[in-house]
Amino acid sequence: MKHIALISPSSGGHHDSYLTLYAASLLRLGHRVTVFTSQPDRIQAWLEAQAPDEQERTKIIATTYNTPRPAFGPLATLAGKYDWVKAMSAAVQRSATQPDLMFHMWLDNCLTPGLTAWLTDRVVPYRWSGLYFHPWYLRTHLTFQQLRRGPLVSYAALMSANCPAVAVLDEGIADELQRRLRGKPVIPFPDIADATPPDPDYAPAQEIRKRAAGRKVVSLLGALSRRKGTVLLMQTARQLPQQEYFFVFAGVLDLSSYTPDEQRMVQEFAENPPENCYLHFAYIPHEGAFNALVAASDILFAAYLDFPSSSNLLTKAAIFQKPIIVSAGYCMGERVDAYGIGIAVPENNVDACGDALARLRNGLPPECFAAYAATHSIPQLDTAFTHLLSFVPDNGKKRTS
């Protein structure tokens, strides 16, 4: 049995889901778990419901740690890293023993150009690892990429002697990252999703079914920022027959993320939406509500702009057997093509999006979804954690102060 400390730098949405599902996985595997979170009451309630017999092996510690990714530069690097060190130190001090591993739930926040393995070894005297969400430089060209070498590579800290292995969600870049880390284990983790049953009383989902009146429901769900492809779906909605499709835009609208021209277009659409559109620009309060919106949909839209990474909306689509539209290329496009759970379209292509909707309106074979759901499942998370922890020896040390 090992003692694992999970450190979450954010709260809300899928961050809480990942945190609780990872804690539950470690408990199932027989380990002790310390959860370091800014939402202790919410996490405690979830764990009591999901693992009621494991309270003796679980500790939840409140923290205000919520640091954004530090800007480039030595002072910003050290300031951002110092917050991470404080979070880890607090976890150790409040634990009966030093954890065998500090696992950071958003490792991207701990990495920045200029932060070397040598420096990390000196400011983080604990064994650590984490989930690396967005190693985008392995799939796309970054600005000033030719200068990002040696100590200026954003992942240099991962070569720390105290980091035994790294978890990633994008299996397509795992081998290349492992090569760059000189053979350090890089372990693909499944992109799991919370399968909480849909909330039957969630009013927006009820209204969607009523207003759709038998039309095919196409949904864009979650934070409605520019990168989610919101403009593309709005343009598509204006072109397709209103009697055949019903479009849903549900989530907080981040208008500041759009260009000025796009802002005007989105505002005009919001002020005068087509009859076959439902706009709910509000926070989706919990997983049961989100899953109610998924269940009320016939097709999910996730044709994101310039997004090379994984999204667990694919797993939601597989769990609830909803065809999904994504952008071609990168991780999401590769998965959709491989498993056949939807269609990958070129970015910002209204005609291709409309054609994909027509091809998906009659659904897809259930076995396509079953294969994807099995690959990105809770049992696979347990397997991945077992693999990662095989590289972590027990500390076996009592806290001395």
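Here is what the cut-offs are and how they apply
Residues numbered from 1 in each chain as written. Predicted model: local features only at pLDDT ≥ 70, side-chain atom pairs only at ≥ 80, totals over all residues. Heavy atoms only, no water. Buried < 20%, exposed > 50% of the residue type's maximum accessible area, 1.4 Å probe, protein only. Helix = DSSP H or I, 4+ residues; strand = E, 2+ residues; numbered from the N terminus. Pairing = 2+ DSSP bridges. Right-handed = clockwise from strand over helix to strand, strands pointing away. Polar contact = N/O pair within 3.5 Å; in protein donor to acceptor, adjacent residues only side chain to side chain. Contact = heavy atoms within 4.5 Å. Salt bridge = Lys/Arg side-chain N within 4 Å of Asp/Glu carboxyl O. Phe/Tyr/Trp six-rings, centres within 6.5 Å; stacked < 30°, edge-to-face > 60°. Lys NZ or Arg CZ within 6 Å of the ring centre and 35° of its normal.

(A) View of the pairing of strand S9 (residues 245–250). The buried count for S9 comes to six of six residues, which makes it a mostly enclosed element. Because side chains alternate across S9, one face comprises the buried residues Tyr245, Phe247 and Phe249, and the other comprises Phe246, Val248 and Ala250, equally buried. One ladder, built from six bridges, connects strand S8 (residues 216–221) with S9; its direction is parallel. Bridge pairing in S9 places Ser219 opposite Val248. What joins S8 to S9 is helix H7 (residues 230–239), and the crossover it makes is right-handed. Here S9 runs beside strand S10 (residues 277–280); their pairing, made up of four bridges, is parallel. By the bridge assignment, Phe247 is partnered in S10 with Cys277. Each parallel crossover has a hand, and for S9 linked through helix H8 (residues 260–271) to S10 it is right-handed.

(B) Quick look at the side chain of Thr58. Topologically, Thr58 is positioned in strand S3 (residues 58–62). At 2.9 Å, the side chain of Thr58 and the backbone oxygen of Glu54 are in polar contact. Ignoring any residue separated from it by four or fewer positions in sequence, one finds Thr58 in contact with Leu27, Val33 and Leu47.

(C) Examining the pattern of salt bridges more closely. Scanning the entire structure with this criterion turns up 13 salt bridges. A salt bridge links Arg335 to Glu171; the nearest nitrogen and oxygen atoms lie 2.7 Å apart. With Arg335 in helix H11 (residues 330–339) and Glu171 in the loop between strand S6 (166–168) and helix H5 (174–180), this residue pair connects regions lying 164 residues apart in the sequence. A cluster of three or more residues bridged by salt bridges with shared partners is formed by Arg139, Asp170 and Glu334.

(D) Up close: unusual backbone geometry. Phi is positive for Asp306, close to 45°, though the residue is something other than glycine. Looking at the secondary structure, you find Asp306 in the loop between strand S11 (299–302) and helix H10 (313–319).

(E) Main features of the packing of aromatic side chains. If you walk through the whole model with that rule in mind, you get 16 aromatic pairs. These aromatic residues form a ring-pair network of at least three members: Tyr18, Tyr22, Phe103, Trp106, Phe133, Phe189 and Phe385. Just above the ring of Tyr304 sits the side chain of Arg227; from NZ or CZ to the centre is 5.4 Å. One residue, Arg361, lies across the ring of Tyr245, its end atom 5.2 Å from the ring centre.

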